[in-house]
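Structural characterization, general
What follows is each chain in one-letter form.
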Amino acid sequence: MEQKIKELTEKLNYYNLMYYQKHTSVVSDFEFDKMLEELQSLEIKYPQFKQPDSPTQRVGGTISKDFPTVKHKYQMLSLGNTYSEEDLIDFDKRVKKGLIEADFSFADVEYVCELKFDGVSISLIYENGLLVRGVTRGDGVQGDEVTNNVKTIKTIPMRIDATRLGTEFEVRGEIFMPKKVFEEINQEREEIGLEKYANPRNTASGTMKLQESSEVAKRKLDAFIYFYYADNIPFKMHSEAVESLENVGFPVSNTYKKCKNVEEVLAFIKYWDKERENLPVETDGVVIKVNRYDYQNALGFTSKSPRWAIAYKYKAESISTQLKSVSYQVGRTGAITPVAELTPIFLAGTTVKRASLHNANEIERLGLCKDDYVFVEKGGEIIPKVTGVDMTRRGLNATPIDYINNCPECNTILVRNEGEANHFCPNSKGCPPQIKGKLEHFIHRKAMNMDSLGEGKIELLFEKGLLRNIDDFYTLTYKSLFGLEKIIVDEQTGKSKKIGFKEKTVENILAALEKSKEIPFEKVLFGLGIRFVGETGARKLVEHFENIDNLAKATLEELSNVRDVGERTAQSVVDFFKDDENLQLIKNLKNYGLQFSQTNENKIIVSDDKLAGKTFLFSGTFSQSREDLQNKVLQFGGKLGTTVSKNLDFLVAGENMGPSKLEKAEKFKITMITEKDFLEMIGENTTININTNVISDKNKSNSSQKGLF
Ligand code: IVH
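Residues numbered from 1 in each chain as written. Predicted model: local features only at pLDDT ≥ 70, side-chain atom pairs only at ≥ 80, totals over all residues. Heavy atoms only, no water.

What to know about the site of the ligand
- Every one of the 13 residues lining the ligand counts as a neighbour, but Glu114, Phe117, Ser121, Glu174 and Tyr226 are closest to it.
- In this structure, a nitrogen atom belonging to the ligand sits 2.8 Å away from a side-chain N or O atom of Glu114.
- In the environment of the ligand, a nitrogen atom lies 3.1 Å from a nitrogen or oxygen atom belonging to the backbone of Leu115.
- Coverage of the ligand by the protein chains reaches 90% of its 530 Å² of free accessible surface.
- Counting residues per element, the ones that place at least two in the shell around the ligand are strand S3 (111-117), strand S8 (222-229) and strand S10 (283-290). (Near = heavy atom within 4 Å. Polar contact = N/O pair within 3.5 Å; in protein donor to acceptor, adjacent residues only side chain to side chain. Areas by Shrake-Rupley, 256 points an atom, 1.4 Å probe, with all protein chains shown as cover. Helix = DSSP H or I, 4+ residues; strand = E, 2+ residues; numbered from the N terminus.)

Focus: the side chain of Asp372
- Structurally, Asp372 can be placed in the loop between helix H11 (360-366) and strand S15 (373-377).
- Separated by 2.7 Å, the side chain of Asp372 and the backbone nitrogen of Cys369 make a polar contact.
- When residues no more than four places from it in sequence are discounted, the contact partners of Asp372 are Thr321, Gln322, Leu323, Gly367, Val389 and Arg394. (Contact = heavy atoms within 4.5 Å.)

Remarks on unusual backbone geometry
- Even without being glycine, Asp371 reaches a positive phi, approximately 65°.
- Topologically, Asp371 is positioned in the loop between H11 and S15.
- The residue Glu546 is not glycine, and still its phi comes out positive at about 70°.
- Among the structural elements, Glu546 can be located in the loop between helix H17 (535-545) and helix H18 (548-553).

Re the confidence of the model for the protein chain
- Scored by pLDDT, the protein chain has a mean of 86; 92% of the residues are at 70 or more.
- Segment residues 686-707: pLDDT under 50, and 28 contacts once partners within four positions in sequence are set aside and those in other chains are kept. (pLDDT = per-residue confidence, 0-100.)

Observations concerning the sheet that holds strand S4 (residues 120-127)
- What the 4 strands build is an open sheet, ordered S5-S4-S7-S8; its pairing is antiparallel. Only two strands of the sheet have a single neighbouring strand rather than two, namely strand S5 (130-136) and S8. The mean angle between the axes of side-by-side strands here comes to 30°, regardless of whether they run parallel or antiparallel.
- The sheet contacts of helix H8 (residues 238-247) involve strand S7 (168-176) and S8, and relative to S8 the element is tilted by about 135°. (Pairing = 2+ DSSP bridges. Axes fitted to C-alpha atoms, helices over the stretch in contact; angles between N-to-C directions.)

What about the pattern of salt bridges?
- All chains considered together, the criterion is met by 29 salt bridges.
- The shortest N-O distance in the salt bridge between Asp575 and Lys578 comes to 3.6 Å. With Asp575 and Lys578 both in helix H20 (residues 567-578), this residue pair falls 3 residues apart, about one helical turn.
- By relative accessible area, which is 38% here, Asp575 ends up partly exposed.
- For the salt bridge of Lys676 with Glu680, the shortest nitrogen-to-oxygen distance reads 3.8 Å. Remark: Glu680 and Lys676 occur in helix H24 (residues 675-681); sequence separation between them is 4 residues, near one turn of the helix.
- Judged by relative accessible area, which is 58%, Lys676 ranks as exposed.
- In this structure Glu680 comes out as exposed when scored by relative accessible area, which is 54%.
- Within this structure, Lys116, Asp284 and Lys313 form a network of salt bridges that share partners. (Salt bridge = Lys/Arg side-chain N within 4 Å of Asp/Glu carboxyl O. Buried < 20%, exposed > 50% of the residue type's maximum accessible area, 1.4 Å probe, protein only.)

Description of the sheet that holds strand S9 (residues 257-259)
- As summarised here, the arrangement of the 5 strands in space is S2-S11-S10-S3-S9, forming an open sheet in which the pairing is mixed. Strands with a single pairing partner mark the edges of an open sheet, and in this sheet they are strand S2 (81-82) and S9.
- Note that S3 and S10 share 7 bridges and pair antiparallel. Its bridge partner being in S10, Tyr111 is matched across the sheet by Val290.
- Together, S3, S9 and S10 form the strand contacts of H8, whose direction differs from that of S3 by roughly 55°.

A closer look at the packing of helix H1 (residues 2-20) against helix H2 (residues 29-45)
- Between H1 and H2, the least distance of the axes is 10 Å, while the angle of their chain directions is 145°. The crossing of H1 and H2 is left-handed. When H1 is examined against H2, the residues Lys4, Ile5, Leu8, Thr9, Lys11, Leu12, Tyr15 and Asn16 are found in contact with a partner set consisting of Phe32, Met35, Leu36, Glu38, Leu39 and Leu42.
- Along the lines of polarity and charge, the residues of the contact of H1 with H2 split into 9 nonpolar, 2 polar and 3 charged. (Left-handed = near helix turned anticlockwise from the far one by under 90°. Nonpolar A, V, L, I, M, F, W, Y, C, P; charged D, E, K, R; others polar.)

Brief notes about a negative patch on the surface
- There is a patch of like negative charges on the surface, built from Glu85, Glu86, Asp87 and Asp90.
- Tracing the backbone shows Glu85 in helix H3 (residues 85-101).
- Relative accessible area serves as the criterion here: at 42%, Glu85 is assigned to the partly exposed category. (Patch = residues over 30% accessible without salt bridge, like charges linked within 9 Å, V, L, I, M, F, W, Y side chains within 5 Å. Lys, Arg positive; Asp, Glu negative; His and termini not counted. Charge placed at Lys NZ, Arg CZ, Asp CG, Glu CD.)

Written out as structure tokens, the structure reads:
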């Protein structure tokens, strides 16, 4: 029976490949479905023989309760954006300058131009030819594991027969919803009286978050792959990798082109500006990549994006409509956002009723007057923006919009700090939307992850006076919650709904509150809602200061010196800890048992300075993972290099090190050592064990108890 299952799996996968990649039907739909059904029933009877690349996974059937967070092996960076030809010419100049600085001589730099597909980026990991993991971009460092959903995308291969790509490799691409599928779904929704989806990109993104993979399968997502990563890349340039991916069966868009110079790049952009409308997928620009890998390596990365690639964005579609009024929203941090209330208009697939005006400067810049007709544009974001005033339709007696002076919610006089664009309501502790915003932020999935408290419950608890500050969450009891209820009306649909605290709900909330006491410090810090401290900022601060006492004591200068923490964030942190009420809040939260020091799973403590001042680069394969070796460099006070350059002290050569690295190492006269040499340098095989150098969280929080709180 095992043989039969294997045979069916292979055949069906072959038919799939021919159909989706080569657009050839080898068998009829009827035959295909019959074979698939046969396989499905055999797999139910003999689950032990189900193949890991079984095509039955394409139809889904699994339910993911939640998507585990997975750290990316190679960080998923984004790209710098440009909107003009001049910017691209500057980019080309920067590339060339960088290459000269890295001692490359070249006639011209070859680029690869690809379309920028507007979907959700995905990282796919293959091991021994099998698709083992699909992970969303997340914050670039870690994302959600959505493998079961990825497997429902028929063009993504579950098995690849390509030894050349290596036993372990990663490809990246974009998952998208074809325009046609999007239109069909929306038509169906309209017919059954449901609100239409905004655009294909958001729908694709929402689909990938669905817990039932069979639902995902129904949405007919597709993907284009545009990147290949491995520890040892068997190619000299990006175009070779992409060609190879295409040849072995990955879905690669055939729209990419090698361009010999920037003029050819500009021609590519011009050609696709119109032509892209005929593509089955939405595109919002062109990605330009330096083709040669050695050039890419020499150019390296900034903290956010590669220096060897850039995205050119096409201008968004725009339309004009009349301004009815300006309303003002108060955010969690007290920031006021003016919003244009518009005569509804259809734009790029959706009806637009409101558009962001950002701030008072923007209103001034636009010279916005009452009853003006304005141009509305939908960029990458969901909320459209007002980009200009249609002066041809302005009335004779147009009067400018007066910006408000008082908070629309609590009537406090607004302030505007120097150098900041937004007005603020300073009444952070008394202004209802600010309080509610802070409470909602605290329970957010990325903070304390207590969604059992969402959906209007916070509003109700706020109204009942049970919640005023985030530490109040921990005073909630069965008695105080049970039986509370309220009817709310959904603004959009007009439907009313009952929010209630029944027995089960209350139990869930109390359990979530208890569980939140184990949430790591970085998330707690993010949850505190300190202005400008985002998810990444919180992580960086925690990595650097380790516990709340150190953070609270940090000076403006110390804070500004933390990588990726700007002056503005630093000032905001200082201000936060200057406020006695905040100090009391933290003290209370600490007493309730929340985490205020780092959990040190991956933290490397410098235990020795044997390698101080020395920079190392690892290339090739080693007996232990490269990450472990790199951690050892850091542990012994050394630094890690990213490319072979003059600044490198040692190149640790593993098996199959690329020839270009070797060539460069010789050119720069860099000392090359083996893995064994390196381990000897640090006295490995005696007592080193990273885990023994990890300070346990419990010890650390105890040792910091004598601090400020
Ligand atoms: S390359 C390090 N190529 O655009 C460079 N990205 O702003 C990684 N995208 O997150 C990206 N089409 O989601 C690349 N042909 C393409 C792309 C593409 C769409 C998206 C991708 C990425 C974002 C970069």
